[in-house]
Structure formats: structure tokens, C-alpha cells
Amino acid sequence: MQRLRLIVRLALRNVRRQARRSALTAAAMVVGLALLVMSRSLADGAHDEWIEAGVRLGSGHLAFQAPEFRARHAIEEHLSAADRAAVEAALADTVIAPHLKAVAPRLEITALASAAAAAVPVTVVGVDPAREPAFSEMDQRIVEGRYLEPHDHLQGFVGVELAQRLRLRLGDRLVLTAAGPDGAITDQLVRVVGTFRTAIPEVDQSLIHIPLATAQAWLGVDSGVTTIAVLLDASWNADRFTRRLQEALAPHADRIAVLSWRAASPELDAAVRMDDYGDYVFHGILFIIIALAIVNTVLMSVLYRTREFGVVRALGLRKRDTALLVLTEGLILTGISGLVGVLLGLAVTWGFFHDGFDLTAFMGDQMTAAGAVIDPVFIPQFRVVQLIQSAVSVAIVGLVASLYPAWRATRIDMAEAMKFEA
Amino acid sequence: MRHLCIAVLLALASPLHAQRTAREIVDHVDRLLRGNSSRGEITMEVVTAHWQRSMTLAVWSLGTEYALIRIDAPPKDAGTATLKSGTEIWNYLPRVDRVIKLPSSLMGQAWMGSHFTNDDLVKESRIIEDYEIAIGFDGMRDGVRVWEFVLTPKPEAAVIWGRITEEVRQDDMMPTWARYYDERGDLVREITFSEYQRMGGRLVPAVMTVVPTDKPNERTVIRYVRLAFDVGLEPSFFSLRRLRSGAE
Amino acid sequence: MAAGPWWRIGWRNLGRNRRRTILTATGLAFGYWAVVVIAGMADGIVADMVRTATGILSGQIQAHAPAYLPDRTLYETIGGNEGTDVPALLAAIEREPGVLGAAPRVYAGGLVSSGATTVGVLLVGADPAREDSVSRLTAALVEGHLPAPGTRELLIGSELARQLNVRVGTELVVVAPAADGSLANDLFTVAGLYRTGIAELDGSYAVGPLDAIQALLVLDPGRVHEIAIRIADPWTAPAIADSLGTRGVTPAGVPVAFRPWTTFRPELVDYANLSAGSMWIVVVIVFLMAIFGVANTLLMTTFERRREFALLLALGATPRGIVRAVLAEAAALGILSIVLGVVITVPVLIWWHYDPIDLGRLFGDFTMAGALVRPVLRTDYPVTMFFYAAGALLLTALLAALYPAFRATRVPPADTLAGR
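Everything quoted here is computed from the prediction, not taken from an experiment.

(A) Representation of the overall build of chain C in the model. Assigned secondary structure in chain C consists of 15 helices and 14 strands. Classification of the 420 residues of chain C by burial places 51% in the buried group. Partitioning the contacts of chain C with sequence separation of at least 6, the portion at a separation of at least 24 is 81%.

Structure (C-alpha cells):
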């Protein structure tokens, strides 16, 4: 115990006395860790934004549907009022409820949209005007007019390219034709209340939002919906909550299926996984460079410490203690660097990019990828797990790197070490 | 005193009366060529910028619910038939001997290359339910006393037109033209009627010409060669078997 | 030895401190490797995506009659109602430098029906032999064979086959409005199924032999709607389209509009830019870290060598001389490292260009921005990065060595030797 305290004191003094060497070694770790923290939080931010943009246009982080709806996409596969009540009850779960950002009931159907100029096939989505904007943010993509409002009845919010194709202007009439659950074809009139642009051609050419109540009355499904789409506060909660909700709704499994965004949008999932992998490769390379810089710095300093080790040994420290001394030095340096590195990383990332990392210069205002419109301004995301991961891996590299000097310190040839060094 | 009473009553009743009359007339014109049930022979001439062709058609109809149309000429298309049953459309293709149900998303396509869409065939004619009908003109035009009716869709009616105007001759209740406008008041297509003849015991316009306004050089001309009304068809007549067998 | 004395000292010092030299040079070389390989991957991924997206069906340049777009009406064939000499036009296009292949096509909206189910599709008439050199539709064949010219055979997407519930060998009714106004209809046999992975493509195209589809639609053999063109480097598409348009490759009196993919797939340009943008950030971060690692190591070496410099000074060397010696050593080290870096980088670039890392087994294929992406990390040759990285690392080596050496020469040798 006594000796241990001595070693720690010696190590502290060595670190302090050899300020420049310590600073250089620490700098390698600090800068490496800071860069790692910065690039990972930017990558995570970009990622989550991408997923969110994708699921907003799709069926959310989580979706409830009749089990057959995804495959058949037929209106008869809808959730009844009782099913909806069961879903609402499951979502009221105390673990899940605080993480809900939006819950949007929707009735989706393929229809023919006719205007005086032409008739084209479209996708009509009946939405709850009060709840939908928080989910799909369509109210932020308005080209002309406005989004649906709670008391709307015969209003339709139409993709801008579809409106052009049918030569529709605000207030113009549009007849939607589709078959209800019983197969009977029925018509519904709506008037264009607004047009939108998502920048995804398939969506802008074929999507129409109408009030949910209008859609339900038109198709004769009472208060039925085809999908209840849920947006969470963060995408990484989706898998966990999906399992939890599947358990909670197990008694209704024959009528209600719970889908996570991964199952609902396999394309987006694959793209995100691919991007993840790209990130792994990149961070792997970055990490190797960081490790190499640390190891190199530490090894380099060992080359010049032969004499120093000789002196310590001459003063009576045993081999084991010498090794312990070098390791302790490494530990102290790594600890300090780790802390400073993480803080620096956070500070720099936040300082520079808290308003988002703006890629606008590269690609204009927005772009689409995997069917998601991405605002090319990435807000960095900090996750404790990720910070600890970065810090621990850098610390391990630092410690492993100081094993070699420790080992070397025990192998010193005293006479050689104490010779006057040229 | 009694005369005065009647005069007042008439005065009070007249707008209502005129309205009912307008509705009745438009309804009458709408039913002119259909009757309760009908059987007809038609030639259809279609002229587009790229081709023109003429077809001979045999037509059976029952109310607005059922119709069966068979192409008899030209030989290339002979036997091709379309069955409308309620809101569904089926086509029989003799060349491949198959019956195909048209998916609802393709109702917007032209029927047999004409200026009518499949949707035009399917849409039940509910003119008097879907439109407010007013008299826009009542007087002499080109020496003939006519009404011009203005049909405005009711607020919730599921129809695509912004307005329809129709001219009807007052003395024989024959339509002369109908014009279809979009919401902005731009003319989209015009149907003109001509060659009024007695057929199947009724006076009817034997020729109907459809011109899409954005392509003034194109037209579809429908000419009734023969027409018989109330021929006693049953709904069971309009079956897929009948579609296949060519309706004879 | 023709080199001056300072160079000799530089080389000799490197040789004398082998361990230090190896450590530093390895660090530098790996930094170089990382920067160049990451830049190569960035270029490769973007180019691959553009190639894939345009290579599935559209080609990198398309030729149409000027009025064909945007309505894509059946009648607007190249050369109008008379059509044109298609083989001559194809040959003229293929003579253009940079063009790898050209394929004629006709398109028509139509219906395919299995009896129970009828689906609206885009009918495509194509020449299977020529498609091979332009699109990957034929390569996407998963079952059966390609429709043979002269036969009424169809290649349909796997999703369409699922919707129709048909398989290879099933007869389908094909119905389409023909160019003479008639309702064309005929029986076609499903010859093969393709799968591109893009739901819209797999669910809505029916491809038949050019001659059979032309016959169905009552179009003369000289009438085609489109000629799809594949070129070697996707980024040259606008220039080649321009050249094709102005050079007049078409027979007299036949106006043809040539459009590059950058015009008909603008969202791909966006995606390429986004990719390039975010990759550029990655490259910068890796670059910074590599430079920092190198500078750090060199700084430490030079600081630790103050005693050595002091001794040299005490022995009568001039400060200038020492600085020059250090510079020479750093330059020698830098060049050595770059040579080492190139030696380890080039083979990897070539290897990963021809046999890219395949992530497909881990993730499967997926689509991005409407393009099928095969998850492989193919590297391209980032020529400019080759030189930038070399220059930057050399400069780093020089600066990192120079500053401490310069300072060392300012300190009285006696103090340094005394350990103060």
C-alpha cells in the first residue's frame, strides 16, 4: 500500500515534470477522441434525421395494421373501432407514452382521380387533420393554399405534379372513385384546398390527403382505419417498443399487427443499415489511425526513456514496480485525456454545429434518398452510450500502448542505460 | 275574384313550375336515347390527329345499370364486346377468346379509341340529382325557339364538370348541343346533335358528334342506324356468358 | 553518392534509428493509405450508384422525337409517322466516342391479364441482344429466358408475376390501344421473370421483343420511341448528348432530342452531391487525424533529440546546418513513407476496384433514390487525392520536424546538454 502510494506519486510527478512529452501523448488521445465524438455524433444525427424523414412519409416508427393489409393492401383489411380502442389502450402504457411524438390514424386506398381534364390512378389517404401535421409535416410542404383543418369536409390536399396533370387549381373539383369493402364502386367529391411538394416524384404525382371522416363515410367503413402510424422521439426506441406492444396486443394478434419501420419500409431499413456499415468502416479506419497515433507517440517516448528507467531502477525500485510506474503514468494520462477529449469533442461539435451541420452548399435545399426527403442540415446527436464507447475504446488503446513501455522498463540493461547518451 | 286568385297562385307558383319544367325537360332529353330498354345499331366514326376509323356497333341497354356493346365491323375487331354491369366493365376479346375485367384504376382510359372514356360508360347518369338546373336563355336563336339550360353541380355532387350548358328546341324537345366546362369556365368538350329522325316510335337525334376542345380537329361521331325501344330485356341478359357468345 | 552532405546525414540518421524510422514511416504510410482509400471509396460509391441507377433501364442518354416528352404518346416516334432507318441511326450513335451501346425501344400503356387478375402496365418492346450492351434488364433475369425476336414472349417483373399469380410458361392476354385506333390484343407467353429490387420497376413493366410489340401496336419496324444509350463515364453524359445533338447523327429531316441522365434524373445529381459532400467531410476528418498523428510523432522525436542537436552545435555545426539536416531527414522520411504508402495503397485500390468488399451477404440489396444499390464498396482511383495526400503529408513531416529543430538550435548547447 505504501509502495503503491509512492508509485502513484512518482507517476504524477513524472507526468508533470515531462510536461511536453505528456502533452504530446495526451494530445494524440484528446484530438483522436474529440474527432471520434464529433464525427459519430454528426453521423448519428444525420442518420436519425434520415430515418425520421423516411418514416414520416411512410407509416411511422411503428404502425398498427390488420395483419393482411401489408400484403393485400385492400380496404377490407382495416382496423375496426374496437381494434383502434385496443391500440389506444396499448399506447397509453407508461413506458411508451412519454416517447410518443405523434399518433396518426389513416385510411389509405388506391383510387381513380378524375377532373375535367383527365383521370389518373392515385393513392388517397384519409387523415385526421388535427393529428396528421405533427406526423407527416405535410403542412410544411405547401406550395399553394393550406393544409387540411379539423372542420374540413370536402377538402383535398393534392401533390403538386398531380394537380398540374389534372390541371387543377385551388378550389377546383376532383372526383375520387374507389371500391369499398363490399366491392361496390363509389364516388367522392373533394375540392383542392392546397397543393404540396415533397420532392419525391412518385409522391407528388399520386398522393391526395382528405379528411378521415370524409374517407370513412365515402368508403362506408364507419370509424375504421387501415393504419395507425406512430412517430417516436427517437428511432432507436422503435424495436424495443414494437416488441412491447406486440406482447400487449397479443390477444388481438389475429386482427392487429404491430410493425416497426424496419418491417414496414425494408428499403429504408436496408439503406440505413448500409449507411451504418459505411459508418462502421469509416469509424474503424478513423479509430485505427487514432490508435496508431497514440501507440506511435507512446512508443516514441519510450525510445527516449531508457536512461530515465535506469535512474529509477538505480534508486531501488523493483522491476515490477517500475512496470507499475509506467502503467500508472499511462493510466493517469489516459484518464485525463479521455475526459478532456470527450469534453472537447462535445464542445467543438456543439459550438460549431448546434444549429446543424449545413451541407446545403453541396446539394441545394433538399434532396431525396431512399424515398425520404432529407434536409441537408444535420443536427448532431449525442448519446451517452456512444460517448462511453468512444472514451473506453480510446482508453483501452492508451493502456495497451503503455504495456509495451512497461514491459520494456523491466528489461533495462542498467549499465547501458546509465551510460552518457549521445 | 276567382281569376285574380288563380293569377296570384300562378304567379307564386311559376318559378317553382319553371324549375320543375327545366328539370323535367333535361331529364327527358337525358332519357331520349335510352328508354327503359333498347336495342340499336350504331356506326361510330373516330377521327384523331393520327388515324381515323369507322366501326359498326350493336348495342343493348337496360336503364342506366346495364349495357352491352358488340363491334360488328371492321372485321379486325369484329366480335369484341363490352359489358357494363353496374359500376363494372368487362371486355371480351375474340382474338384471344378471353374476358377481362377492367381494373377501376384504368377507367379513365378511352373506350375503343374514342373520345369517351370507360368512365363515361359507367357513370350513372344522375343529371337531375347531381345538378341544379336553371334556364339561362329562353327565346329565338337562328329562327328556332330554344331553351338554354345551365346545369351547375350541387355542392357535394361527385361530378367532374364545373358547368354544363345544353340547348333544347322548344317545339319538339330535341337537344341541339351540350357543352361541358371545367371549374374555370373553360370549355372542355362539346356534343352536337343532328339529323333528327323517328326511330323506334320516337323522334331522336340520330347523330351525335363529340369534339374535345383542346383538339378541335378530332371528333367522334355516333350515328344510330336502327333503334328500338322497350324490347323487353331482363337484367339476366347482361351476363358474362352473353358477353362471350356475342349476345345473339 | 551524388547527393550533398545534408541529404547524406538525413539518410544516415534514418538508417541509424531504424526503429524510430519504421514507426514514423508506418504511421505516415498508413495515414496516406487511409486518406486515399476513403476518397477512392467515396468516388466509387457515387459513381457506382449513378451507373446502377441509369444502367437498370434508362441508360445514361436517351434519344426521342422532340415532342415525345412529357406526354409519351404512342404516335410520337422518332421520325414521326414515317419512322426512320433505325439500324443506321444506331450505327451513327455508336460511332460517337465514349458511347458503349445503343438500344431501340417502343413503349405503350396497356393491360396484361391472367384471366382472374388484370393489371395496367407499361409495355416495352426491346431488342434483347442490344439491351445487353445498354441496360441491366437482361442481367436481372431470375427465371426463364429472354423473349426471342419474332415470338410473342414476355419478360415481366417478379412483383407483376406475383400480382397476376403467373409463372414462366403461363399465357397472358396483352391489351393496348394500337396506333391505328384499334384495341390491340394478343396472347403472350411469359418467357422469363426479372427482379431489379425496385418495386415500381418489378411491378409495372412487361417487356417483349421489339418486332412483336411493334406488330401488336401496329407500328412499322422503322418506328421506335426511344433509343437508350450507354456511355463509359456517366459524368460525360451532358457533353456526349450535346455532341450527338449538334453533330447531326440522324438522317436528314429527322429531328431527335438527346437528353443526358442529369436532365431526366435530377434527384440522382442531388444524391451524388450529398454523397460527395458527406464523403468529403469524412475525408477531411481522416486527413486531419492522419496529419495530426504524423505531426505528433515527429514533434516528439525532434523534441527528444534536442540533446543530439546540442551536441552537434557544441561540435561546431551551424544552426542553419542543423535545420537543413533535420529538413533533409524529414524530407527523406516523408518520401520514404509516401513510397511505402503508395506501395500499400495502389494494390488495395486495384484489388477493391475489381473485387470490391461485398456487403450484400450482410445486408442484401436495397434501393436508394430510386436506384438499386448493390452494397459493395468499390473503390475508384482518386487521382487528385493521390497527390494532395502526398503533398500534405510531406509538408506535415517537414513542418513538424522543422519547428522543434529550429527551437533547439536557439538554446545554448550547454543548457540542453546539462538537461535543463
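(B) Layout of the overall build of chain A. What chain A contains, in helices and strands, is 16 helices and 14 strands. Excluding contacts between residues fewer than 6 apart, the proportion of contacts in chain A whose partners are at least 24 apart in sequence is 79%.

(C) The interface of chain A and chain B, seen in detail. Each side of the interface is counted separately: chain A has 22 residues, and chain B has 17 residues. Elements with a minimum of two residues in the side of chain A that touches chain B: β2 (100–114), β3 (119–127), β6 (173–179) and β7 (185–196) of chain A. Among the elements that line the side of chain A that touches chain B, the one with the most residues is β6 of chain A, at five residues. For the side of chain A that touches chain B, the residue count by class is 15 nonpolar, four polar and three charged.

(D) Fine view of the environment of Asp276 of chain A. Residues and elements named next belong to chain A. Of note, Asp276 is situated in helix α11 (residues 266–303). By the C-beta count within 10 Å, which is 13 here, Asp276 ends up partly exposed. For Asp276 and Ala43, which are 233 residues apart along the polypeptide, the C-alpha to C-alpha distance reads 8.9 Å.

(E) Looking closely at the packing of helix α2 (residues 19–57) of chain A against helix α15 (residues 384–410) of chain A. Residues and elements named next belong to chain A. Taken N-terminus to C-terminus, the directions of α2 and α15 make an angle of 150°; their axes are 10 Å apart at the nearest point. For the element pair α2 / α15, the angle class is roughly antiparallel. By crossing handedness, the relation of α2 to α15 is classed as right-handed. On the side of α2, the interface is formed by Met29, Gly32, Leu33, Leu36, Val37, Arg40 and Asp44, while α15 contributes Gln386, Leu387, Ser390, Ala391, Val394 and Gly398. Class assignment for the residues of the contact of α2 with α15 results in seven nonpolar, four polar and two charged.

(F) Inspection of the confidence of the model for chain A at higher detail. With 88% of its residues at a pLDDT of 70 or more, chain A shows a mean pLDDT of 81. Looking across chain A, the model is least confident in strand β12 (residues 367–369) of chain A, with a mean pLDDT of 49, and most confident in strand β8 (residues 207–211) of chain A, with 95.

(G) Main features of the environment of Leu313 of chain C. Residue and element names in this part refer to chain C. Turning to its location among the elements, Leu313 is positioned in helix α11 (residues 306–314). Taking the C-beta count within 10 Å as the criterion, Leu313 has 21 such neighbours and is therefore assigned buried. Sequence separation between Leu313 and Thr409 is 96 residues; the distance between their C-alpha atoms is 7.6 Å.

(H) Quick look at the pairing of β7 of chain A. All names here are of chain A. Counting buried residues along β7, nine of its twelve residues qualify, which places the element largely inside the surrounding structure. Sheet topology places strand β4 (residues 142–145) next to β7; three bridges connect them, and they run antiparallel. By the bridge assignment for β7, Gly145 is matched with Gly194. Pairing between β6 and β7: seven bridges, direction antiparallel. If you follow Arg173 over to β7, its bridge partner there is Arg191.

(I) Summary view of the environment of Val211 of chain B. Residue and element names in this part refer to chain B. Mapped onto the secondary structure, Val211 falls in strand β12 (residues 202–212). Once the C-alpha coordinates of Val211 and Arg179 are considered, the two residues, 32 residues apart in sequence, prove to be 9.9 Å apart. Apart from the residues within four sequence positions on either side, Val211 is in contact with Arg189, Glu190, Pro216 and Arg219.

(J) View of unusual backbone geometry. Omega for the bond connecting Ala73 of chain B with Pro74 of chain B falls within 30 degrees of zero, at 0°, which places this linkage in the cis form. Along the chain, Pro74 of chain B falls in the loop between β3 (66–73) and β4 (81–85). Residues other than glycine seldom take positive phi values, yet Met173 of chain B does so here, at roughly 60°. The topology assignment puts Met173 of chain B in the loop between β9 (163–169) and β10 (175–181). Within the chain, Val218 of chain C stands out as a residue other than glycine whose phi angle is a positive 55°.

(K) Structural view of α15 of chain A. Taking 1.5 Å per residue, 27 residues should reach 39 Å; α15 of chain A reaches 39 Å between its end C-alpha atoms and fits that length. Buried within α15 of chain A we find Ser390, Ala391, Val394, Val397, Gly398, Ala401, Ser402, Pro405, Ala406 and Ala409 of chain A.

(L) Seen up close, the pairing of β10 of chain B. All names here are of chain B. Pairing geometry for β9 and β10, over six bridges, is antiparallel. By the bridge assignment, Val168 is partnered in β10 with Pro175. The hairpin formed by β9 and β10 contains five residues between the paired strands, and Met173 there has a positive phi angle of roughly 60°. Sheet topology note: the β10/strand β11 (residues 187–199) ladder contains five bridges and is antiparallel. From the neighbouring strand, Arg179 faces β11, where its bridge partner is Glu190. What sits between the antiparallel neighbours β10 and β11 is a turn of five residues, in which Gly185 has the positive phi angle 90°.

(M) A look at the nonpolar core. Ile289 of chain A together with Val35, Ile38, Leu217 and Val286 of chain C are the most contacted members of the largest nonpolar core, which totals 290 residues. Take this core: its biggest share by element is 21 residues, from α2 of chain A. In this view, Ile38 of chain C contacts Phe282 and Ile285 of chain A together with Val282, Val283 and Val286 of chain C; residues no more than four positions away in its chain are not counted. Of all hydrophobic cores here, the second largest spans five residues; its members include Leu33, Val204, Tyr224 and Leu227 of chain B.

(N) Quick look at the packing of helix α2 (residues 18–55) of chain C against helix α12 (residues 319–354) of chain C. All names here are of chain C. Contact geometry for α2 and α12: axes closest at 8 Å, N-to-C directions at 40°. Here α12 runs oblique to α2, going by the angle between their axes. In this structure, the crossing between α2 and α12 has a hand that is right-handed. From α2, Thr21, Thr24, Ala25, Leu28, Ala29, Tyr32, Trp33, Val36, Val37 and Gly40 reach across to α12, where they touch Leu333, Gly334, Leu336, Ser337, Ile338, Leu340, Gly341, Ile344, Thr345, Val348 and Leu349. Split by residue class, the contact of α2 with α12 holds 14 nonpolar, seven polar and no charged.

(O) Up close: the confidence of the model for chain C. Summary statistics for chain C give a mean pLDDT of 81 and a share of 87% for residues scoring 70 or more. On the interface metric, ipTM, the complex scores 0.78, and its pTM is 0.74.

Basis of the calculations
Residues numbered from 1 in each chain as written. Chains lettered and ligands numbered in written order. Predicted model: local features only at pLDDT ≥ 70, side-chain atom pairs only at ≥ 80, totals over all residues. Helix = DSSP H or I, 4+ residues; strand = E, 2+ residues; numbered from the N terminus. Buried ≥ 20, exposed ≤ 12 C-beta atoms within 10 Å, placed from the backbone. Contact = placed C-beta atoms within 7 Å. Nonpolar A, V, L, I, M, F, W, Y, C, P; charged D, E, K, R; others polar. Axes fitted to C-alpha atoms, helices over the stretch in contact; angles between N-to-C directions. Parallel < 35°, antiparallel > 145°, perpendicular 65-115°, else oblique. Left-handed = near helix turned anticlockwise from the far one by under 90°. pLDDT = per-residue confidence, 0-100. Pairing = 2+ DSSP bridges. Expected span 1.5 Å × (residues − 1). Core = buried A, V, L, I, M, F, W, Y, C linked by C-beta atoms within 7 Å.

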